[in-house]
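Each chain, written out:
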Amino acid sequence: MTENEIVIVGAGPAGLMAAQILAENGHKVHVYEQNKAAARKFLVAGNGGFNLTHSEQIGTFLEKYDAEEIRNIVECFNNQKVIDWLADLGITTYTGSSGKIFPTRNFKPIQVLKAWLERLEMLGVTIHYSHVFVDFNDAEIYFENNQQQTAVKYSKLILALGGGSWKKTGSDAKWMEILSKKNIGLKPLEPANSGYNTHFKFTTLQGQYLKNIRLTFQEHTKNGELVFTKYGIEGSPVYYLNRFTRPFEFPLTLYIDLKPNLSEAEILGYLKSSDRISAVLKKQLKISTTALNLLKTLDKETYTNVEILARLIKKFPVEILSFRPIDEVISTAGGVSFCELTHELELRKYRNVFCAGEMLDWEAPTGGYLLQACFSTGFWVGQAVSNSLKPH
Ligand SMILES: Cc1cc2nc3c(=O)[nH]c(=O)nc-3n(C[C@H](O)[C@H](O)[C@H](O)COP(=O)(O)OP(=O)(O)OC[C@H]3O[C@@H](n4cnc5c(N)ncnc54)[C@H](O)[C@@H]3O)c2cc1C
């Protein structure tokens, strides 16, 4: 048995950040990871544009999180601190047109990870790969490695095991069973940053984008780009609304505003100016081809009634039936309830055991907010553990 270590389980962004903070404070850290390599999901996130945080002002930035506890932690290790931390690793960043922060184009995701792992190695952090966490008690943690069980005696334990989507990256959420057997309160994992299955299948529109639209559910609205798929809709305004539709029973209705900058009266004015509806839509209202195709899914009677058409351009209903399957979505909501944790993110039932990252019960839209909160909670528990080890 290995003696009295600071143990971190999960070599994702949250676990690696906690390791860095502890190592920088002079502690020997052992990270255990079930995969043969670190941060697989981090690399997957890099496939579609490596959006590490967002440049938004901190006030509106924090509103993106549903949990007060996470807001406080993100405020402490904020977006500027993420940029500074990357710069310290030698990774330069730039702000994209939407305010998202990316590494400059000369840095591929794998290079960002490599720079980070090299820094951790330099700081003396040891990563043990192919170790599957299977259980723990208040003194030991148990791993399976090559069909053998290993016990590690810990002084402090940080669990950073991720959410429950994209299982092939290692985030399989098997920890839910381990923690629930110990009566630790968990909120069930649910799809977040998910597309919706829709009632009407927009078969003729598959793969087409609606740009500069506004999507609304009740009083919640988000501008952006929406894409039609074979099952329904995807896109950043869709992901933003996930959190607000979650408490309700499906089916629900979302509304697309195809012309957010014009009022219904203005649109009606244009439509009344000519009998050639499609020409007015295209030439005067500058409705995009996709938006026009969407309007053409209406029956002829509706399409030719300018009053109804103007109303529908501002409020096109889309009935949503469900989220997409959990394994294919970007992140998950739910996880370890904050009432189970102290201010330091230490489990109340297991002192010396801390939790960080997506496994905690919070959610946020894509756009850098997810990784930001993983970095921030990793920082937070790293500091908390380090402080708890200081001689009093
Ligand atoms: C397709 C996609 C695109 C994304 N794009 C973005 C984006 O652009 N911006 C953004 O902010 N976020 C994005 N994300 C989300 C972001 O990648 C995650 O929120 C983040 O990686 C979570 O970090 P984490 O450290 O909490 O967990 P993870 O990254 O999931 O890491 C957890 C680690 O724990 C290990 N582990 C789990 N169980 C065990 C066990 N029993 N034993 C040992 N090890 C275990 C796993 O193997 C894994 O390595 C994206 C995600 C996906 C899937």
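Owing to the predicted nature of the structure, the values given are computational and were not obtained by experimental measurement. By convention here, each chain's residues receive numbers from 1 onward along its written sequence. For a predicted model such as this one, the threshold for reporting local features is a pLDDT of at least 70, and the threshold for listing and counting side-chain atom pairs is 80 or more; totals across whole chains, interfaces and linings nevertheless cover every residue. Think of the side-chain values as coming from all heavy atoms in the structure, minus any hydrogens and water.

1. A short note on the overall build of the chain
A run of H or I in DSSP counts as a helix once it spans at least four residues, and a run of E counts as a strand once it spans at least two, with each numbered from the N terminus. When helices and strands are tallied, the chain shows 14 helices and 18 strands. Seen along its three principal axes, the alpha-carbon backbone of the chain occupies a region of about 80 × 40 × 40 Å. Each residue's exposure class comes from its accessible area (1.4 Å probe, protein chains only) as a fraction of the maximum for that residue type: buried when under 20%, exposed when over 50%, partly exposed otherwise. Within the chain, the fraction of its 392 residues that count as buried is 55%. Pairs at least 24 apart in sequence give 69% of the contacts found in the chain among residues at least 6 apart. Should any heavy atoms of two residues lie within 4.5 Å, those residues are counted as being in contact.

2. Overview of the site of the ligand
Around the ligand there are 32 residues in total, and Glu33, Phe133, Ser171, Glu358 and Leu371 lie nearest to it. Distance and chemistry together define a polar contact, namely a pair of N or O atoms within 3.5 Å, with one atom able to donate a hydrogen and the other to accept it when in protein, and with adjacent residues in sequence counting only for side-chain atoms on both sides. At 3.0 Å, a backbone N or O of alanine 14 approaches an oxygen atom of the ligand. The backbone of glycine 170 places a nitrogen or oxygen atom 3.5 Å from an oxygen atom of the ligand. Here the open area of atoms and residues is found with the Shrake-Rupley method and a 1.4 Å probe, where only the protein chains shown may cover a residue. About the coverage of the ligand: the protein hides 96% of its 1000 Å² of free accessible area. Listed by contribution, the elements that provide at least two residues to the shell around the ligand are α1 (13–24), α2 (40–47), β7 (132–136) and α14 (369–388). Here the element with the most residues in the shell around the ligand is α14; it accounts for four residues. Nearness is defined per residue: one heavy atom within 4 Å of the molecule or strand is enough.

3. Side note on the packing of aromatic side chains
A ring pair, where both rings are aromatic, is described by two values, the distance of the centres and the angle of the planes. Put simply, two rings from Phe, Tyr or Trp (the six-membered ring, in Trp's case) pair if the centres are within 6.5 Å, and we call them stacked under 30 degrees between planes, edge-to-face over 60, tilted for the rest. What the rule picks out here adds up to 22 aromatic pairs. Note on phenylalanine 77 and phenylalanine 379: the rings are 4.6 Å apart at their centroids and 20 degrees apart in plane angle, and the pair reads as stacked. Of this pair, phenylalanine 77 sits in the loop between α4 (68–76) and α5 (79–88) while phenylalanine 379 sits in helix α14; the two residues are 302 residues apart in sequence, bridging distant segments of the chain. By relative accessible area, which is 6% here, phenylalanine 77 ends up buried. Their ring planes at 50 degrees and their centres at 5.5 Å tell us that tyrosine 240 and phenylalanine 244 sit as a pair that is tilted. Taken as a pair, tyrosine 240 and phenylalanine 244 lie in helix α8 (residues 236–245) at a separation of four residues, close to a single helical turn. An aromatic cluster is defined as three or more aromatic residues linked by ring pairs; in this entry it consists of Phe42, Phe50, Trp85, Trp116 and Phe375.

4. Focus on empty space enclosed by the protein
Here a cavity means grid points, on a 1 Å grid over the protein atoms only, where a 1.4 Å probe fits yet cannot get out; a pocket means an open set of points with protein on both sides within 12 Å along at least five of seven lines; lining residues are those with an atom within 4 Å of a point. Grid points are joined across faces, edges and corners, and a volume is the space filled by probe spheres set on the points. Summed over all chains, the structure comprises one cavity of 30 Å³ or more. Each pocket or cavity is described by its volume, and for the largest cavity that value is around 50 Å³. Looking at the lining of the largest cavity, the element that brings in the most residues is α8, giving four residues. Residue contributions to the lining of the largest cavity reach at least three from each of two domains, namely domain 1 (2–190 + 332–388) and domain 2 (196–323). Those domain boundaries reflect an automatic or database domain assignment.

5. Quick notes on the sheet that holds strand β5 (residues 100–103)
Pairing between strands is defined by DSSP: at least two bridges between them are needed. Taken in spatial order, the three strands line up as β3-β5-β4 in an open sheet, and their pairing is antiparallel. For this open sheet the edge positions go to β3 (53–54) and β4 (93–95), each flanked by a neighbour on one side alone. Pairing between β3 and β5: two bridges, direction antiparallel. Bridge pairing in β5 places threonine 53 opposite isoleucine 101.

6. Things to note about the domain arrangement of the chain
Here the chain is partitioned into domain 1 (2–190 + 332–388) and domain 2 (196–323). The C-alpha centroid of domain 2 is placed 38 Å from the C-alpha centroid of domain 1. Every contact between the two is made by ten residues of domain 1 and, on the other side, four residues of domain 2. Note on domain 1 versus domain 2: buried area summed over both sides is about 610 Å², and carbon and sulfur give 49% of it. Take a side-chain nitrogen of Lys or Arg and a carboxyl oxygen of Asp or Glu: if they are within 4 Å of each other, that pair is a salt bridge. In this assembly, domain 1 and domain 2 are joined by two salt bridges. Of the charged contacts, one joins arginine 246 and glutamate 363 as a salt bridge, the two residues approaching to 2.8 Å between their closest N and O atoms. Linking domain 1 to domain 2 there are three residue pairs in polar contact (both at pLDDT 80 or more). Counted by class, the side of domain 1 that touches domain 2 contains three nonpolar, one polar and six charged residues. Once two parts are put together, the accessible area they lose, assessed with a 1.4 Å probe and summed over both, is termed the buried area. Think of it as three bins: nonpolar holds Ala, Val, Leu, Ile, Met, Phe, Trp, Tyr, Cys and Pro, charged holds Asp, Glu, Lys and Arg, and polar takes everything else, Gly as well.

7. Some points on the nonpolar core
Buried residues of nine kinds, namely Ala, Val, Leu, Ile, Met, Phe, Trp, Tyr and Cys, make up a nonpolar core once their side-chain atoms join them within 4.5 Å. Core analysis: the biggest nonpolar cluster contains 83 residues, and Phe42, Phe133, Phe136, Ile141, Leu159, Val336 and Trp362 have the highest contact counts within it. Per-element accounting of this core gives the leading share, eleven residues, to α14. Counting 41 residues, the second-largest nonpolar core is a separate cluster that includes Phe228, Ile233, Leu312 and Phe316.

8. Notes on the side chain of serine 376
Its place among the elements puts serine 376 in helix α14. Here the side chain of serine 376 touches phenylalanine 77 through a polar contact of 2.7 Å, landing on its backbone oxygen. Those residues in contact with serine 376, other than ones at most four positions away along the chain, are Ile73, Val74 and Phe77.

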